[in-house]
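Observations on chain architecture
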Amino acid sequence: MEKFVNKLSCTNNARRPQKRIKLESDERMTQREDDEEDEFSHPVPWQKIESEGLDCDYALLLSKEEADHMFKQLEEEVVYSTGEEAKVRVFGKVHSIPRQQATYGDAGLTYTYSGVTRLACPWTPTLEQIRDVVTKTTGQTFNFALVNRYKDGQDHMGEHRDDEKELDPLCPIASVSLGAARDFIFRHRDARGKRSRRQIDPVKLELAHGSLLLMNSPTNTFWYHSLPVRKKISLPRINLTFRRILLGRKK
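Our subject in this report is the structure included herewith.

**Here's the deal with the sheet that holds strand E17 (residues 223-227)**
- Strands sit in the order E12-E17-E14-E15 across an open sheet of four strands; the sheet is antiparallel. Sheet topology places strand E12 (157-160) and strand E15 (203-207) at the edges, where each strand pairs with a single neighbour. Sheet twist, expressed as the mean angle between neighbouring strand axes with direction ignored, is 15 degrees.
- Two strands pair when backbone bridges link them, and strand E14 (residues 182-188) and E17 are joined in this way by four bridges, in the antiparallel orientation. Paired with His188 across the two strands is Trp223, which belongs to E17.

In structure tokens form, the structure reads like this:
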């Protein structure tokens, strides 16, 4: 697992999946939208993704025009970590993070992941706008966002779980993808590596431009996820993972 070298910091301002994806029938989907219309002010047709201990929901949140606009705005607004803040320690060796990263959220919030505490920078207008759309769509509120930018298919993210203690276990992690479509792979914790204890097939998705993936509990308890290298991809991708941090929760 990656470990960040720096301490507290803040910068200024369609392939089919390998595992079964349960698609709701048109009739059930229509009924679900009708049932949720009063609760959610921005309903979308959801696809349910399930496996043992894995519970996710996937939808196209934004139209292509909306997603194009949001991507362009984020390219102008987001300030990414540089220098020592963009380093990781893997097996005792220091490496550059294989992507660009930034943290945003409510005033004074900190989030500890991969062994380092990061201070949330103030929301940008576009991050705030996307957060509000996600809230209207899901009925969940979020106070923190991790931004990852992948310049092309060489940039990637290794296997890990978002299971930090300060995260609200009742709130899903909402992942919004903008830019190049990329493969996203889930692997069960008992089926990793050469000494895996069980044979459980990985779950592979392709996250589209303007899409929203909700990782519901207990997904991050049992499943690792990653964004592997895809050398043929030449275009950039921005991913926003919205989270809810519990104030006062011990790290």
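**Comments concerning helix H3 (residues 125-138)**
- With 14 residues, H3 extends 20 Å from end C-alpha to end C-alpha; this agrees with the ideal 20 Å at 1.5 Å per step.
- Of the positions making up H3, those classed as buried are Thr126, Leu127, Ile130, Arg131, Val133, Val134, Thr137 and Thr138. Seen from one end, H3 has its buried residues packed into an arc of 160 degrees, which puts them on one side.
- In this structure, the buried side of H3 is in contact with helix H2 (64-77), strand E7 (100-105), strand E11 (144-150), strand E13 (173-179), strand E16 (211-216) and strand E18 (237-243).
- Backbone geometry just after H3 places Gly139 at a positive phi near 80 degrees.

**Quick word on the side chain of Asn239**
- Mapped onto the elements of the fold, Asn239 is located in strand E18.
- Polar side-chain contacts of Asn239 include one of 2.8 Å to the side chain of Ser175.
- Ignoring sequence-local partners within four residues, the contact set of Asn239 consists of Leu146, Val147, Asn148, Tyr150, Ser175, Val176 and Ser177.

About the thresholds
Residues numbered from 1 in each chain as written. Predicted model: local features only at pLDDT ≥ 70, side-chain atom pairs only at ≥ 80, totals over all residues. Heavy atoms only, no water. Pairing = 2+ DSSP bridges. Helix = DSSP H or I, 4+ residues; strand = E, 2+ residues; numbered from the N terminus. Axes fitted to C-alpha atoms, helices over the stretch in contact; angles between N-to-C directions. Expected span 1.5 Å × (residues − 1). Buried < 20%, exposed > 50% of the residue type's maximum accessible area, 1.4 Å probe, protein only. Arc of directions from axis to C-beta. Contact = heavy atoms within 4.5 Å. Polar contact = N/O pair within 3.5 Å; in protein donor to acceptor, adjacent residues only side chain to side chain.

Note that all results are geometric; they support no functional claim without further evidence.
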